[in-house]
Amino acid sequence: MNPDGGPAESSIVVCPDGPLIIRGSFEIVTPSGDAVPRDRQTVALCRCGASAIKPYCDGSHKMVRFRSGPPAA
Ligand code: FES
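In short, a report on the structure. (Residues numbered from 1 in each chain as written. Predicted model: local features only at pLDDT ≥ 70, side-chain atom pairs only at ≥ 80, totals over all residues. Heavy atoms only, no water.)

1. Observations regarding the packing of aromatic side chains
And then number 1: Summed over the entire model, instances satisfying the criterion amount to zero aromatic pairs.
And then number 2: Over the face of the ring belonging to Phe-26 we find Arg-38, whose NZ or CZ atom lies 3.8 Å from the ring centre. (Phe/Tyr/Trp six-rings, centres within 6.5 Å; stacked < 30°, edge-to-face > 60°. Lys NZ or Arg CZ within 6 Å of the ring centre and 35° of its normal.)

If you want it as structure tokens, here you go:
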């Protein structure tokens, strides 16, 4: 749900020790503003830095034993 009470157009799930799962309507862009191609409505973005297909997660977080720590309060 949006802060204004309306339905959210997208959502981000912070996976413990894993990627960010993003669902809905959104665009991924490079620092220079170029669109990053995607063919799915739901994607997993790497936050461990070990993926070979950045910005997407390839499961390498398990191999490097990425630990995200406790969630922020
Ligand atoms: S979070 Fe999965 S490979 Fe980095």
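2. A closer look at the environment of Ser-32
And then number 1: Take Ser-32: it is sitting in the loop between strand E2 (20-24) and strand E3 (42-45).
And then number 2: A residue is classified by how much of its surface remains accessible, and Ser-32, at 60% relative accessible area, is exposed.
And then number 3: Here the side chain of Ser-32 touches Thr-30 through a polar contact of 3.0 Å, side chain to side chain.
And then number 4: In this structure the side chain of Ser-32 is engaged in a polar contact, spanning 3.2 Å, whose partner is the side chain of Asp-34. (Helix = DSSP H or I, 4+ residues; strand = E, 2+ residues; numbered from the N terminus. Buried < 20%, exposed > 50% of the residue type's maximum accessible area, 1.4 Å probe, protein only. Polar contact = N/O pair within 3.5 Å; in protein donor to acceptor, adjacent residues only side chain to side chain.)

3. Observations regarding the pattern of salt bridges
And then number 1: A complete count under the given rule lists one salt bridge for this structure.
And then number 2: The shortest N-O distance in the salt bridge between Asp-17 and Arg-67 comes to 3.8 Å. Of the two residues, Asp-17 is situated in the loop between strand E1 (10-14) and E2 and Arg-67 in the segment after helix H1 (60-63); the sequence distance between them amounts to 50 residues. (Salt bridge = Lys/Arg side-chain N within 4 Å of Asp/Glu carboxyl O.)

4. Observations concerning the environment of Gly-49
And then number 1: You can see Gly-49 is positioned in the loop between E3 and H1.
And then number 2: Judged by its relative accessible area of 45%, Gly-49 falls in the partly exposed class.
And then number 3: Sequence separation between Gly-49 and Phe-66 is 17 residues, and the spatial gap between their C-alpha atoms is 9.2 Å.

5. Some thoughts on the sheet that holds E1
And then number 1: Here we have three strands laid out as an open sheet, ordered E1-E2-E3, and antiparallel in their pairing. Two strands bound the open sheet, and with one partner strand each, they are E1 and E3. Here the average twist between neighbouring strands, direction ignored, is 20 degrees.
And then number 2: One ladder, built from four bridges, connects E2 with E3; its direction is antiparallel. Its bridge partner being in E3, Ile-22 is matched across the sheet by Val-43. (Pairing = 2+ DSSP bridges. Axes fitted to C-alpha atoms, helices over the stretch in contact; angles between N-to-C directions.)

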